[in-house]
Amino acid sequence: MYKEMVPLKEAFEKYFLIGAAASPDDLRLHSDILKKHFSSVTAENCMKFEPMHPAPDVWNFSDADELVRFGKENGIAIRAHAPVWHAQVGRWMFEDGPDGRVCRELLLERLEKHMKVFGDRYGESVYAWDVVNEAVADSGEEVLRNSDWKRIIGEDFMVCAFKIARKFVPESVKLFYNDYNAFFPKKHEKIMKVLRYLQENGAPIDGMGMQQHVNPSMSLDDVKRAIENYASLGLRLHVTELDVSLFPTRSTGAEAITDRAIQKQYDFYVSLFEIYRSYSDVIDSVTTWGVCDNYTWLDGFPVRGRKNYPLLFHYDHEPKAYTRKIVEDALK
Amino acid sequence: MFDDMPSLCEAYAEYFKIGAAVAPRDLVSHRGLLKKHFNSITHENALKFAPIHPEEDRFDFDDADQIFAFAEENGIAVRAHAPVWHSQTPDWVFQDGAYFADREKLIDRLRTHVEALAARYGDMIYAWDVVNEAIVDEPGGYLRPTKWYTLMGPDYIEIAFRTVREFAPKVQLFYNDYNEWVPHKRDNIVRLVRELQDRGVPIDGIGMQQHVNITDNLDDIKRAIEAFASTGLVLHVTELDVSLYPPMKIRIPREFLMRMPQPKPALEQFKKQHKMYVDLFEIYRSYSDVIKSVTTWGVADDYTWLDNYPVPGRKNYPLMFYADHSPKPFLREIAGAAADRR
């Protein structure tokens with residue numbers, strides 16, 4: 001009496017890949033959903049700098065290896081994420097050179113060493129790589145966020161990072177800049193500046209990753225405008241970390257969720273996918289940040305103790321109501 | 001839009017009432033669900049002794065009033081819950097200055113309490129859990145040594161039922177308990193009910209809380225229903241939920257639990273819950289000659305008393321509606337099964 005839903009990846013076959021960020025826990029708990037519905041999986045943590053390379057001569061490959069194996073066995077493409085970031089990079093990268101400090105050359109050398117090992121091991125197994133993550137400042141006039149990368153290497157650290165990355169992975173791996181709130185007008189302008197700068201300075205960048213951690217109080221028009229502007233640079237677009245929170249950013253949250261909040265989330269999700277489909281000539285991949293509502297990084301963040309339900313599948317692995325609608329619309 | 005299921009309580013109209021325990025905030029947040037699927041409502045807390053009668057000379061009716069008003073407005077019946085309980089009863093009830101209150105004082109206070117509630121709500125209540133959880137969990141024991149028992153005397157249960165009957169003569173009166181299908185506890189409940197019946201105490205029904213988990217034994221539940229039905233009383237399922245987690249086998253200190261990341265439930269647990277709910281409702285339907293009301297302890301998974309209890313930091317999903325208020329797949333089956341037989 002309850003109709004089986006057409007798998008997401010089938011419904012969107014002619015539009016773009018459908019992805020999910022997955023942890024080792026997800027591969028264990030939610031592999032049924034991943035296998036059935038997803039054509040792309042992003043490494044939630046295991047391909048970030050520190051988890052993979054916590055000390056100069058220490059490498060953890062097991063989680064990433066498992067993810068790559070899972071992808072191969074199930075015909076699922078793998079997105080890599082994200083070495084050059086202001087978070088989750090070991091302090092050792094930025095400290096402790098010959099004179100006690102790290103200079104531009106030494107940091108670039110270390111980055112090169114890291115990317116070579118990564119590229120040699122996974123270059124053939126991934127289709128996209130978020131090379132630089134979240135380098136743009138949220139507020140103020142400064143374009144770039146203060147980070148150790150920028151401080152030590154200089155303003156061109158991203159150009160360097162993209163050039164190094166390109167050396168060690170085959171052409172089939174598309175290189176991305178990735179950021180959140182990438183459609184907020186002020187931040188969007190800054191990111192546009194950065195992307196143009198990268199292109200003008202010979203950075204081999206292929207695409208723009210829009211994270212899309214959103215909530216229903218945000219502007220869909222801003223999302224559309226951002227997609228058009230990024231595409232106008234000749235870049236490919238990936239939606240890399242989609243989730244639609246039930247709560248406005250600043251809400252303190254309540255124990256119970258209202259019918260109204262649920263309706264807004266439903267409408268927002270359906271509209272977002274309508275937009276993505278209408279730009280499928282430039283969007284190649286849409287990834288949610290997590291697999292199902294059993295676990296999401298928004299549980300307890302930014303409001304402690306508040307459970308969120310921002311993904312495409314219920315905690316019991318069933319598709320949510322808007323997911324059915326999204327699939328229905330895609331099949332029309 | 002995301003709740004295209006037919007009304008659950010309409011599907012069950014020929015079997016029993018479908019109820020939910022609610023707090024006032026649910027009347028706003030879960031309004032649509034409550035109006036569509038439920039024809040019985042229980043105050044989760046608002047009618048308990050402490051919330052409604054916090055001081056000897058002060059009643060706080062606001063929360064309870066809201067729920068009664070909502071029920072009346074929408075033609076929903078109300079189960080009242082639960083004046084005589086060892087928990088959520090204020091200290092003043094059992095105190096008399098520096099001393100414990102004596103039997104007479106306690107009887108007097110209980111009468112005042114019941115009289116006030118009955119005067120205000122008596123006409124709007126169809127069933128009342130008069131005494132809650134009076135029996136011990138351990139095998140070999142019988143009545144729980146509560147302050148009611150110790151200060152008022154072993155006949156406090158009898159007195160409670162007679163008092164409520166006196167002030168609310170038209171309401172069906174219930175004894176209510178948990179783990180009621182566990183054989184030794186089941187037998188003690190039957191013993192208590194029969195003792196009350198032998199003394200001519202006005203009791204009309206047994207409330208089976210049915211806080212179960214995915215590993216509980218359905219045969220035990222059936223046997224309990226039959227044992228309770230053998231008393232000739234009406235049965236209500238009063239606090240149903242199906243926890244995803246079996247109880248812990250060993251006692252782990254809370255401070256330790258709080259520092260442990262809690263594992264997320266696996267698909268298998270949800271499948272077991274699905275089957276458990278379908279099977280339970282099949283059992284309830286097959287005993288619908290004696291079961292007249294089935295109430296879940298909460299409305300939807302976004303809030304349940306089993307969140308963080310008994311394990312801190314652990315979210316549970318024990319109800320029939322998802323956190324986003326849409327029906328879970330087993331609920332469609334449950335509604336469908338009722339419609340099929342009609």
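Residues numbered from 1 in each chain as written. Chains lettered and ligands numbered in written order. Predicted model: local features only at pLDDT ≥ 70, side-chain atom pairs only at ≥ 80, totals over all residues.

A. Region of the structure containing the overall build of chain A. When its secondary structure is counted, chain A shows twelve helices and nine strands. By the compact-globule yardstick of 20 Å for 332 residues, chain A fits well, its C-alpha radius of gyration being 20 Å. C-alpha atoms of chain A, sized along the principal axes, occupy 70 × 45 × 40 Å. A buried classification covers 48% of the 332 residues belonging to chain A. A separation of at least 24 residues holds for 75% of the contacts in chain A among residues at least 6 apart in sequence. (Helix = DSSP H or I, 4+ residues; strand = E, 2+ residues; numbered from the N terminus. Rg over C-alpha atoms; globule rule 2.2 N^0.38 Å. Buried ≥ 20, exposed ≤ 12 C-beta atoms within 10 Å, placed from the backbone. Contact = placed C-beta atoms within 7 Å.)

B. Region of the structure containing helix α11 (residues 259-278) of chain A. Residue and element names in this part refer to chain A. Taking 1.5 Å per residue, 20 residues should reach 28 Å; α11 reaches 29 Å between its end C-alpha atoms and fits that length. When α11 is considered as a whole, its buried residues turn out to be Ala261, Ile262, Gln265, Tyr266, Tyr269, Leu272, Phe273 and Tyr276. Down the axis of α11, the buried set is contained in an arc of 140°. They therefore lie on one face. (Expected span 1.5 Å × (residues − 1). Arc of directions from axis to C-beta.)

C. Structural context of unusual backbone geometry. Here the bond from His81 of chain A into Ala82 of chain A is cis, since omega is -10°, no more than 30 degrees from zero. In this fold, Ala82 of chain A is placed in strand β3 (residues 77-84). Note that the residue after His81 of chain B, namely Ala82 of chain B, is joined by a cis bond; omega there is -15°. Inspection of the secondary structure puts Ala82 of chain B in strand β3 (residues 77-84). Phi at Gln88 of chain A takes a positive value of approximately 50°, unusual for a residue other than glycine. Along the chain, Gln88 of chain A falls in the loop between β3 and α6 (104-122). Within the chain, Gln212 of chain A stands out as a residue other than glycine whose phi angle is a positive 65°.

D. Geometry of the pairing of strand β9 (residues 283-288) of chain A. Residues and elements named next belong to chain A. Counting buried residues in β9 gives five out of six residues, a clear majority hidden from the surface. As defined by bridge partners, strand β1 (residues 17-22) adjoins β9 across four bridges and the pair is classed as parallel. Among the inter-strand pairings, Leu17 is bridged to a residue of β9, identified as Ser285. With four bridges joining them, strand β8 (residues 236-244) and β9 adopt parallel strand pairing. Its bridge partner being in β9, His238 is matched across the sheet by Ser285. (Pairing = 2+ DSSP bridges.)

E. Representation of the pairing of strand β7 (residues 172-177) of chain B in the model. Residues and elements named next belong to chain B. Of all six residues in β7, five are buried; the element is thus mostly enclosed. Pairing of strand β6 (residues 125-132) with β7 involves five bridges; the strand directions are parallel. Across the sheet, the residue bridging to Asp129 is Phe174, located in β7. When β7 meets strand β8 (residues 205-208), the two strands line up parallel, connected through four bridges. Counted as the bridge partner of Tyr175 is Ile206 from β8. Crossover β7 to β8 through helix α9 (residues 183-198) is right-handed. (Right-handed = clockwise from strand over helix to strand, strands pointing away.)

F. Just the interface of chain A and chain B, in detail. Chain A puts 23 residues into the contact, and the matching count from chain B is 26 residues. Residue assignment for the side of chain A that touches chain B shows that the elements contributing at least two residues are α2 (24-29) and α11 of chain A. Counting residues per element, the side of chain A that touches chain B draws most heavily on α11 of chain A, which supplies three residues.

G. Focus on the packing of α11 of chain A against helix α12 (residues 321-331) of chain A. All names here are of chain A. Taken N-terminus to C-terminus, the directions of α11 and α12 make an angle of 25°; their axes are 9 Å apart at the nearest point. When the axes of α11 and α12 are compared, the pair comes out roughly parallel. In the crossing of α11 with α12, the sense of the turn from one axis to the other is right-handed. Where α11 abuts α12, its residues Tyr266, Tyr269, Val270, Phe273, Glu274 and Arg277 lie against Ala321, Tyr322, Lys325, Ile326, Asp329 and Ala330. (Axes fitted to C-alpha atoms, helices over the stretch in contact; angles between N-to-C directions. Parallel < 35°, antiparallel > 145°, perpendicular 65-115°, else oblique. Left-handed = near helix turned anticlockwise from the far one by under 90°.)

H. Region of the structure containing helix α12 (residues 267-286) of chain B. Residues and elements named next belong to chain B. Taking 1.5 Å per residue as the helical rise, α12 with its 20 residues ought to reach 28 Å, and the 29 Å between its terminal C-alpha atoms agrees with that figure. Looking at α12, one finds that the buried residues are Phe270, Gln273, Tyr277, Leu280, Phe281 and Tyr284. Angular distribution of buried residues about the axis of α12 spans 95°; they occupy a single face of the element. Of the exposed residues in α12, the ones pointing more than 90 degrees away from its buried face are Glu268 and Ser286.

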